[in-house]
Number of protein chains: 2
Amino acid sequence: MKKRPTIYDVAERAGVSKSLVSLVLRDSPRVSDAKREAVLEAVTALNYTPSRLAAGLAGTRTRSVGVIIDDFSNLWFVEALAGLRTALAEGGYALSVADASLNAHLGIDPIEAFRALRVDGIVLAGEASAPAVARSGVPAVVLGVRDLGAELAELPVIASDEAAGGRLATMHLAVQGHRDIACVSAPGASAARRERGYCDAIAELGLTPTVVRAPDTGEAAAREVAAELLARAESAQAPRPTAVFAVNDPMAVGVIGAARELGIAVPGDLSVVGYDDSPIAAYGLVSLTSVSGDPRELGEAAGQVLIAKLEGGATQIASRSFTPRLVARGSVAAY
Amino acid sequence: MKKRPTIYDVAERAGVSKSLVSLVLRDSPRVSDAKREAVLEAVTALNYTPSRLAAGLAGTRTRSVGVIIDDFSNLWFVEALAGLRTALAEGGYALSVADASLNAHLGIDPIEAFRALRVDGIVLAGEASAPAVARSGVPAVVLGVRDLGAELAELPVIASDEAAGGRLATMHLAVQGHRDIACVSAPGASAARRERGYCDAIAELGLTPTVVRAPDTGEAAAREVAAELLARAESAQAPRPTAVFAVNDPMAVGVIGAARELGIAVPGDLSVVGYDDSPIAAYGLVSLTSVSGDPRELGEAAGQVLIAKLEGGATQIASRSFTPRLVARGSVAAY
DNA sequence: TTGTAGGCGTTATCAG
DNA sequence: CTGATAACGCCTACAA
């Protein structure tokens, strides 16, 4: 097994100095075409791949950024990641991702891992600890979560306005004539913001809020609490809702499932709105009206803000908020 | 902004030499407890994080492996990744992931990127080009796909026996008394293997195969072809199937959706089996019987095989095949 | 058990 | 424009 070719090998084969090779590789303008071609030829001939390790060590930066993701199984992150990649690719940055929940389970600190990698910047996607990242001293942006920690840490926050999304969903139902609109919520900062949007809208409309909180954000938990909510007799104090806003799509599917088991037709007898516009919402069997935060757009914005921070130097905080939109499908009917 | 502390700083503060620090960090046994503690104390006091860049450059390996994933949005990979992480964490390996489809779109070659990172090994998850990886000379294993390319390249393959899975699903339906069992398939190697399992089982049972292929692996495409399949009048030549095996869960949901639109009850008039046991299969609204390949177990196995290959030296090919199992839910009824 | 010296493959800084 | 030369931070013999 022969050793990898180095920049020396390339230089020798091309008949130039090592520095010239380095310049060509980072396409500096001040290189004669002849020499440049000679170098390029040598590179391909030797199947040479420059070492990022050495480059990072010697240079002032690694041109890499780390992304800390809460939970990979959330499709939201996948889209956001795609947006990030495209934005960062333009700046020539490579990105490496870490799964916060899993790494925690394994006893690994992703921030520490990224410091060891000497990443130029960090993107915090999800409800991870912004203060810890800020303390690490690595330039960072927070993607998708507007919480106190991030703002205290003075990190830019690129987020969807989830309260506005909750409001949007609720208003959509109200416009369809619904007045008994319930909210199936869950633990977590994200759910809390969506729920607050619901409450604000309800208050604004002069209606009575009904919030039930499932023990977790999954479909099964939502199905159970929804079953209870829908099964209760139509008493004067708490009439059965004619519409439900669930704080995420799986939970909305849980609500629909519960309704179906009780013989309540959707959208005939019950309208349902979800959140995130995940793939399941588009399934024919579900056809769920949902609020979309366009995670891809968020990801791109986060990448741009981070690049600006890294290259522009002392850029301002530059947080950005995006307003979600409603994707209407077949789970809502007029009352 | 002060510079990062280096191993020199730690050594100085602890009153020892740089090499001793290096030994402590890699917990070599031959270090006196007193010195060890002094070093550890200095490390935390200085908030020192060793540079993987420098370590990789100087050492004989980087203790990192790259994972090339076909398409992040496939939940299957998420589980497999978790398994990989746990297995590789035991060996002290860090892993970095690349998204094949997205990187291709951006014009980046993940193999090249990993070579630049000097990863010790590569895990190929999905239908990427095994030969190219083999050519790169980096030790690698293929996770989840048994195709010709990998075997020709003499890479270990850790895969679920998908043909067995297709067979399993079909037999399950046959045991329930179904005789007109159709298969809703799609393009791709994976679907092809599952479909072949179906065909084998059908042949073995002496039944007539009915395969319809959707243009892609999505729910919508499956819904359309299923609608056509189910709508056709009960002619002598092609009776309407009483059961359908779909090569993945979203497609199965598409089949159920099509049935519902046609007023065909599931599982009353039509039984459906999916594949992958994705989260949606467990949703109450869907309650889909599905074949499970246990991707997490696969991931762990792949990690172990790769570690063996990296540390054991000249280990054999050591491919491993896992037999999937059936997860029975509510979408199948006796005929 | 501890310390010393050399080198890993680049980039960056200066002279030519 | 081009070509030496010194870092970069660590590992790995080897010597003490």
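About the thresholds
- Residues numbered from 1 in each chain as written.
- Chains lettered and ligands numbered in written order.
- Predicted model: local features only at pLDDT ≥ 70, side-chain atom pairs only at ≥ 80, totals over all residues.
- Heavy atoms only, no water.
- Salt bridge = Lys/Arg side-chain N within 4 Å of Asp/Glu carboxyl O.
- Helix = DSSP H or I, 4+ residues; strand = E, 2+ residues; numbered from the N terminus.
- Buried < 20%, exposed > 50% of the residue type's maximum accessible area, 1.4 Å probe, protein only.
- Contact = heavy atoms within 4.5 Å.
- Buried area = accessible area lost by both parts, 1.4 Å probe.
- Least-squares fit on C-alpha atoms with pLDDT ≥ 70 in both.
- Pairing = 2+ DSSP bridges.
- Axes fitted to C-alpha atoms, helices over the stretch in contact; angles between N-to-C directions.
- UniProt positions renumbered as here; feature names shortened; annotations may be inferred.
- Domains from an automatic or database assignment.
- Polar contact = N/O pair within 3.5 Å; in protein donor to acceptor, adjacent residues only side chain to side chain.
- 1 Å grid on protein atoms, 1.4 Å probe; cavity = no way out; pocket = protein on both sides within 12 Å on 5 of 7 lines; lining within 4 Å.
- Points joined across faces, edges and corners; volume = space filled by probe spheres on them.
- Nonpolar A, V, L, I, M, F, W, Y, C, P; charged D, E, K, R; others polar.
- Near = heavy atom within 4 Å.

### Quick word on the pattern of salt bridges
Taken as a whole, this structure holds 26 salt bridges over all chains when the rule is applied. As a salt-bridge pair, B:Asp200 and B:Arg196 come within 3.6 Å of each other at their nearest N and O atoms. Pair noted here: B:Asp200 and B:Arg196 are both in helix H11 (residues 189-205), with a separation of four residues, about one helical turn. Assessed through its relative accessible area of 45%, B:Arg196 is described here as partly exposed. Here the salt bridges share partners, and the residues they tie into one network are A:Glu162, A:Arg193, A:Arg194 and A:Asp276.

### Observations concerning the interface of chain B and chain A
Between chain B and chain A, the residue contacts involve 46 residues of the former and 46 residues of the latter. Surface buried jointly by chain B and chain A totals about 4,400 Å² across both partners, of which 66% is contributed by carbon and sulfur atoms. A per-residue breakdown of the area chain B buries against chain A is headed by B:Leu53, B:Arg118 and B:Leu285, which together make up 18% of the total. Between the two partners, chain B and chain A, sit zero salt bridges.

### Quick look at the relation of the copies chain B and chain A
Between chain B and chain A, the superposition needs a rotation of 180 degrees and an axial shift of 0.0 Å, giving an RMSD of 0.1 Å. Here the two chains are linked by the operation of a two-fold rotation axis. When C-alpha distances to the rotation axis are compared across chain B, the minimum falls at B:Leu53, with a value of 2.4 Å. Mapped onto chain A, 100% of the interface residues of chain B again fall at the interface, so both copies present the same surface.

### Here we look at the sheet that holds strand S5 (residues 157-160) of chain B
Residues and elements named next belong to chain B. Strand order across the open sheet formed by six strands is S2-S1-S3-S4-S5-S11, with parallel pairing between neighbours. At either margin of the open sheet sits one strand with a lone partner, and together these are strand S2 (94-99) and strand S11 (320-322). Ignoring strand direction, the axes of neighbouring strands in this sheet form an average angle of 15 degrees. Lying on the sheet, helix H15 (residues 295-312) is in contact with strand S1 (64-69), strand S3 (121-125), strand S4 (140-143), S5 and S11; it crosses S4 at an angle near 165 degrees.

### Digging into the UniProt feature "domain: HTH lacI-type" (unreviewed entry) in chain A
Per the UniProt record, "domain: HTH lacI-type" (unreviewed entry) is found at residues 5-59 of chain A. Helix makes up 67% of residues 5-59 of chain A and strand makes up 0%, while its end C-alpha atoms are separated by 20 Å.

### Considerations on the domain arrangement of chain A
Residue and element names in this part refer to chain A. Partitioning chain A into domains gives domain 1 (7-50), domain 2 (64-160 + 295-323) and domain 3 (162-293). The gap between the C-alpha centroids of domain 2 and domain 3 is 30 Å. On the domain 3 side, the residues contacting the eight residues of domain 2 number seven residues. Buried surface at the junction of domain 2 and domain 3, summed over both partners, amounts to about 700 Å²; 47% is from carbon and sulfur atoms. For domain 2, the biggest contributors to the area lost against domain 3 are Glu127, Ser160 and Pro295; these three give 48% of the whole.

### Quick notes on the environment of B:Asn74
Residues and elements named next belong to chain B. Tracing the sequence through the fold places Asn74 in the loop between S1 and helix H5 (75-90). Under the relative-accessibility criterion, Asn74 is labelled partly exposed at 32%. Once the C-alpha coordinates of Asn74 and Ser278 are considered, the two residues, 204 residues apart in sequence, prove to be 9.6 Å apart.

### Topic: helix H7 (residues 110-117) of chain B
Residues and elements named next belong to chain B. All buried positions along H7 are accounted for by Pro110, Ile111, Phe114, Arg115 and Ala116. The opening residue of H7 is Asp109, an N-cap whose side-chain oxygen sits 3.0 Å from the backbone nitrogen of Ile111. Residue Arg118 follows H7 closely and has a positive phi angle near 60 degrees.

### Points about empty space enclosed by the protein
One pass over the full model with this rule turns up one cavity of 30 Å³ or more. Taken as a whole, the largest cavity holds about 40 Å³ of empty space. Considering the residues around the largest cavity, the lining is formed by A:Val253, A:Ile280, A:Tyr283, A:Val286, B:Val253, B:Ile280, B:Tyr283 and B:Val286. Here the residues of the lining of the largest cavity are counted per class, giving eight nonpolar, no polar and no charged.

### Description of the protein's contact with DNA strand D
In the vicinity of DNA strand D there are 21 residues, among which A:Ser19, B:Ile7, B:Ser22, B:Arg26 and B:Tyr48 approach most closely. Put simply, 73% of the atoms of DNA strand D that lie within 4 Å of the protein are in sugar or phosphate. Note that a phosphate oxygen of DNA strand D is positioned 2.7 Å from one of the side-chain N or O atoms of B:Ser22. Within the residue set of the surface near DNA strand D, elements represented by two or more residues are helix H2 (18-25) and helix H4 (52-58) of chain A together with helix H1 (7-14) and helix H4 (52-58) of chain B. Classifying every residue of the surface near DNA strand D gives 11 nonpolar, seven polar and three charged.

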